[in-house]
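Overview (structure and organization)
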Amino acid sequence: MTTPTDSRTDHPNRSTTRTVRLLGAPLDLGADRRGVDIGPRAIRYADIATELETAGVRCTDFGDLRVPRLEQCDAPATADAKYIDEIAGVTAELADEVADTIADGDVPIALGGDHATAMGTISGAARAADIGVLWFDAHGDYNTPDTSPSGNVHGMPLAAVTGHGEFDALDWTATPTVDPSNTVIIGARRLDDAERLALEDSEVTVFTMHDIDERGITAVVADALDIATDGVDEIHVSLDLDWLDPTVAPGVGTPVRGGVDYREAHAALECVANRDRDAGLLRSVDIVEVNPILDRDNRTAEVAAELAASLLGNRIA
Ligand SMILES: NC(=[NH2+])NCCC[C@H](N)C(=O)O
Ligand SMILES: [Mn+2]
Ligand SMILES: [Mn+2]
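None of the values given here were measured: they were computed from a predicted structure. (Residues numbered from 1 in each chain as written. Chains lettered and ligands numbered in written order. Predicted model: local features only at pLDDT ≥ 70, side-chain atom pairs only at ≥ 80, totals over all residues.)

1. A few points about the nonpolar core
Filter applied, for reference: Put simply, a nonpolar core is buried Ala, Val, Leu, Ile, Met, Phe, Trp, Tyr and Cys residues tied into one set by C-beta atoms within 7 Å. Comment: burial labels come from other C-beta atoms within 10 Å of the residue's own C-beta, placed from the backbone, where a count of 20 or more is buried, 12 or fewer is exposed, and between is partly exposed. For every residue pair, C-beta atoms are placed from the backbone, and the pair is scored as a contact if these atoms sit within 7 Å.
Among the nonpolar cores identified, the biggest contains 102 residues, and I43, L52, L134, I186, A304 and A308 are the most heavily contacted of them. Beyond its immediate chain neighbours, meaning those up to four positions away, L134 contacts V184, I186, A224, A228, I235, V237, S238 and V272.

So, in structure tokens, the structure goes:
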């Protein structure tokens, strides 16, 4: 971790200026395509710090967690959940950083890295509070080592944190970290068959792209917020950039056509920010799956930085 840098902006809408702490998690062991480990750096180059200051929050950067490089790892011990032990080591460390950040009164934003990152962010955020989760994603990430078609752990984090399936390497799964009834997926459009059945059997709520087409993004997010916050005080927001349409966010490893457009994405996060302004519910965030090698002109990292600002309260007027 590097020394934090600090810059301040006062914001008319908040009596106390909030501080966001960036935690880089250059994890790529959960995905097949190489390059997502450079995501944190690309999002910093897209100037997420300035974007956040525009939103009226202070931004500090604690640098990157140390992540084993794929080349240094032994061949995966199991094909069912590749590199799960190495990933568990990283997410356990991230969980500690996230819990410390929250204890200091700051809002952690983990910069991925692949979506396995969220296991660390969420378990750290849930350590001292009951939380709900908003999962913005084309995918469900609800596979288990038994159902995964790929063995890629980035397809499993939501199952792990809601206590679905066996994840021996992750010791915190002995107690699920979020209640599935406070967990909402928004924008799903590609679920594996077994994953779909498991989600149908679960208490997780899934709003698909079809729901967004029918009802509009703001109505869907309003419902998602009601569900996520029912009986809990705060929420975690997990933002997978493949939630957006690949024309807007091309730099992702598992793109799926038919995602939300630029305006819908901002509208969704502005809805969360509006509720947060009234109720102070945003506890933690992760921004994942930005892959600069597959990107064009750092566009996806720029969208990620801009969306972070909307989530933290930036408004057009
Ligand atoms: N975080 C992601 N991009 N996940 C993609 C998962 C793809 C597929 N469902 C799998 O389990 O392998
Ligand atoms: Mn995804
Ligand atoms: Mn995902």
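2. Considering the sheet that holds strand 1 (residues 19-25)
Defined as follows: Only when DSSP finds a minimum of two bridges between them are two strands counted as paired. Each helix is a run of DSSP H or I of at least 4 residues and each strand a run of E of at least 2, with the numbering of both proceeding from the N terminus. A fitted line through C-alpha atoms represents every axis, and for helices the fit uses only the stretch in contact; the resulting angles, taken between N-to-C directions, go from 0 to 180 degrees.
The strand order 2-1-3-8-7-4-5-6 describes an open sheet built from eight strands, whose pairing is parallel. Sheet topology places strand 2 (58-64) and strand 6 (205-208) at the edges, where each strand pairs with a single neighbour. Between one strand axis and the next, the sheet turns by 15° as a mean value, whatever way the strands run. Two elements, strand 5 (residues 183-188) and strand 6, share four bridges in a ladder whose sense is parallel. Along strand 6, the bridge assignment pairs I186 with F207. The strands touched by helix 3 (residues 84-103) within the sheet are strand 1, strand 3 (107-112) and strand 8 (282-288), with strand 1 carrying the most contacts at an inclination of about 170°.

3. Here we look at the UniProt feature "binding site: Mn(2+)" (unreviewed entry) in the protein chain
Our working rule: UniProt positions are given in the numbering used here, feature names are shortened, and annotations may be inferred rather than shown by experiment.
Mapped onto this structure's residue numbering, the UniProt feature "binding site: Mn(2+)" (unreviewed entry) falls at H115, D137, H139, D141, D240 and D242. These residues run over 128 residues, yet every pair of their C-alpha atoms falls within 12.0 Å of each other. Relative to the elements of secondary structure, D137 occurs in the loop between strand 4 (131-136) and helix 5 (157-161). What makes D137 buried here is the crowd of 28 C-beta atoms within 10 Å. Apart from the residues lying within four places of it in its own chain, the contact partners of D137 are I185, G187, A188, D240, D242 and W243. Structurally, H139 can be placed in the loop between strand 4 and helix 5. Setting aside residues up to four positions removed in sequence, H139 forms contacts with G155, A188, R190 and T254.

4. Focus: the site of ligand 1
For clarity, the cut-off: Contact assignment follows one rule, namely that a residue is near a molecule or strand if its backbone-placed C-beta atom lies within 6 Å of it. Three categories are distinguished: nonpolar for Ala, Val, Leu, Ile, Met, Phe, Trp, Tyr, Cys and Pro, charged for Asp, Glu, Lys and Arg, and polar for the others, with Gly belonging to the last.
Looking at ligand 1, there are 15 residues lining it, with H115, S150, H154, G155 and T254 nearest. Classifying every residue of the shell around ligand 1 gives one nonpolar, nine polar and five charged.

5. Examining helix 3
To be explicit about the condition: To estimate how far a helix should reach, multiply one less than its number of residues by 1.5 Å.
For helix 3, with 20 residues, the first-to-last C-alpha span of 28 Å sits near the 28 Å given by 1.5 Å per residue. Regarding helix 3, the residues found buried are I84, E86, I87, A88, V90, T91, L94, A95, E97, V98, T101 and I102. Looking at the buried side of helix 3, the elements it contacts are strand 1, strand 3, helix 4 (117-125) and strand 8. The first or second residue beyond helix 3 is G105, which carries a positive phi of 90°.

6. Points about unusual backbone geometry
The linkage connecting G112 with the following residue, G113, adopts the cis geometry, with an omega of 15°. Looking at where G113 falls in the secondary structure, it is placed in the loop between strand 3 and helix 4. Non-glycine residue Y83 carries a positive phi angle of around 60°. Relative to the helices and strands, Y83 resides in the loop between strand 2 and helix 3. Positive phi, normally seen in glycine, also occurs at D297, with a value near 50°. Locating D297 in the fold gives a position in the loop between strand 8 and helix 10 (299-311).

7. Quick word on the environment of R315
Here R315 lies in the segment after helix 10. Judged by C-beta crowding, with 14 C-beta atoms within 10 Å, R315 ranks as partly exposed. R315 sits 261 residues away from T54 along the chain, and the two C-alpha atoms are 9.4 Å apart.

8. Some thoughts on the environment of Y45
Among the structural elements, Y45 can be located in helix 1 (residues 39-45). Taking the C-alpha atoms as reference, Y45 lies 18 Å from S310; in sequence the two are 265 residues apart. Apart from residues no more than four positions distant in its own chain, Y45 is found in contact with N298 and A301.

9. Thoughts on the pairing of strand 7 (residues 234-240)
Two faces, one strand: in a regular strand the side chains alternate between the faces of the sheet. Selection rule: A clockwise course of the path from the first strand over the helix to the second, judged with the strands pointing away from the viewer, identifies a crossover as right-handed.
For strand 7, the tally of buried residues reaches seven of seven residues, placing the bulk of the element in the interior. Of the two faces of strand 7, the one carrying E234, H236, S238 and D240 and the one carrying I235, V237 and L239 are both buried. Taken together, the six bridges between strand 4 and strand 7 define a ladder with parallel strand orientation. Bridge pairing links W135 to S238 in strand 7. Where strand 7 meets strand 8, six bridges bridge the pair, whose relative direction is parallel. Paired with H236 across the strands is S284, a residue of strand 8. This β-α-β element, strand 7 to helix 9 (residues 262-279) to strand 8, shows right-handed connectivity.

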